[in-house]
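A look at the structure
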Amino acid sequence: ESWMKQRRWLDILFAAVIVGCLVGISELMREKQFAGNAFAIDGDTLAMEGRRVRLRGIDAPELSQTCQRGTLTYRCGEEARTAIRGLIAGRTVTCRTRGRDRFFRDLATCDVDGQDIGADLVRRGFAIAYGAYADEEQEAREARRGVWAGPFERPQDWRRRHDAKPHP
């Protein structure tokens, strides 16, 4: 009989742990919204409200990455960060976050005055579509805006070749 009581307590404990894990996972995946001042770390990552926010659906060149425009080599990663800084300067940024990336940054769609930051960066050629914004990328390609003005290496390929990790 004491074995049965121990078994029952173990079953209850196991069930509690499982429920706790499920609640924790659902909390991470639940969409949260927050707003405030933001600072651009790079072309697709913001710092705001004490957290790092990775813009969902885009991939911008890394800060030290260069691209070609005609015969000119330029720092497209720096250009992407400058573009996002111009979008958010002195304005309230609103983000809707769902989940985190492998570097524990919040994954979010963010806007300024109702303008989707990721869509704007992709449309102007400062970032490429990465799971979203295919129409905006097509528009940038056809108009040869930003990185589409010349040959460039996709940011994920550049990171792999340079063994680079995004800014934490």
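Everything in this summary refers to the structure shown in the same document. (Residues numbered from 1 in each chain as written. Predicted model: local features only at pLDDT ≥ 70, side-chain atom pairs only at ≥ 80, totals over all residues. Heavy atoms only, no water.)

**Considerations on the packing of aromatic side chains**
Taken as a whole and assessed by the stated rule, the structure comprises one aromatic pair. Between Trp148 and Phe152, the aromatic rings sit 4.9 Å apart at their centres with planes inclined by 90°, giving edge-to-face as the arrangement. Residue Trp148 is classed as buried on the basis of its relative accessible area of 11%. Using a relative accessible area of 22% as the deciding quantity, one classes Phe152 as partly exposed. For Arg51, the ring lying beneath its charged end belongs to Phe34, and the centroid distance is 4.0 Å. The cationic tip of Arg69 hangs over the ring face of Tyr74; the distance from NZ or CZ to the ring centre is 3.9 Å. (Phe/Tyr/Trp six-rings, centres within 6.5 Å; stacked < 30°, edge-to-face > 60°. Buried < 20%, exposed > 50% of the residue type's maximum accessible area, 1.4 Å probe, protein only. Lys NZ or Arg CZ within 6 Å of the ring centre and 35° of its normal.)

**Remarks on the environment of Phe34**
Position of Phe34 relative to the elements: it lies in strand β1 (residues 32-36). With 15 residues separating them along the chain, Phe34 and Glu49 place their C-alpha atoms 8.2 Å apart. Those residues in contact with Phe34, other than ones at most four positions away along the chain, are Met48, Glu49, Arg51, Val53, Val93, Thr94, Cys95 and Thr97. (Helix = DSSP H or I, 4+ residues; strand = E, 2+ residues; numbered from the N terminus. Contact = heavy atoms within 4.5 Å.)

**Points about helix α2 (residues 76-88)**
Its 13 residues place the ends of α2 19 Å apart at the C-alpha level, agreeing with the 18 Å of an ideal helix rising 1.5 Å per residue. Among all positions in α2, only Cys76, Gly77, Ala80, Arg81, Ala83, Ile84, Leu87 and Ile88 are buried. Seen end-on, α2 carries its buried residues on one side only, within an arc spanning 155°. What points out from α2, more than 90 degrees from its buried face, is the exposed set Thr82 and Gly86. The positive-phi residue at the C-terminal boundary of α2 is Gly90, with phi of around 65°. (Expected span 1.5 Å × (residues − 1). Arc of directions from axis to C-beta.)

**Examining the pairing of strand β3 (residues 45-48)**
Covered by surrounding structure in β3 are Thr45 and Ala47 together with Leu46 and Met48, the residues of both alternating faces. Sheet topology note: the strand β2 (residues 38-42)/β3 ladder contains four bridges and is antiparallel. Within β3, the residue paired with Ala38 across the bridge is Met48. With antiparallel pairing between neighbouring strands as the criterion, β2 and β3 make up a hairpin whose turn holds two residues. Note that β3 and strand β4 (residues 51-55) share four bridges and pair antiparallel. Bridge pairing in β4 links Thr45 to Arg54. (Pairing = 2+ DSSP bridges.)

**Considering unusual backbone geometry**
A positive phi angle, close to 65°, is found at Phe104, a residue other than glycine. Looking at the element boundaries, Phe104 is found in the loop between β8 (93-100) and β9 (106-112). For Phe104, a relative accessible area of 65% translates into the label exposed. The residue Tyr133 is not glycine, and still its phi comes out positive at about 65°. Tracing the backbone through its elements, the reader meets Tyr133 in the loop between β11 (128-129) and α4 (134-143). Residue classification places Tyr133 among the buried positions, given a relative accessible area of 14%.

**Considerations on the environment of Ala119**
Following the sequence through the fold, Ala119 ends up in helix α3 (residues 117-123). The exposure class assigned to Ala119 is buried, which follows from its relative accessible area of 7%. On a C-alpha basis, the gap between Ala119 and Gly57 in space is 8.8 Å, while along the polypeptide they are 62 residues apart. If near-sequence neighbours (up to four positions away) are discounted, Ala119 is found in contact with Tyr133 and Glu136.

The values are spatial; any link to function lies outside them.
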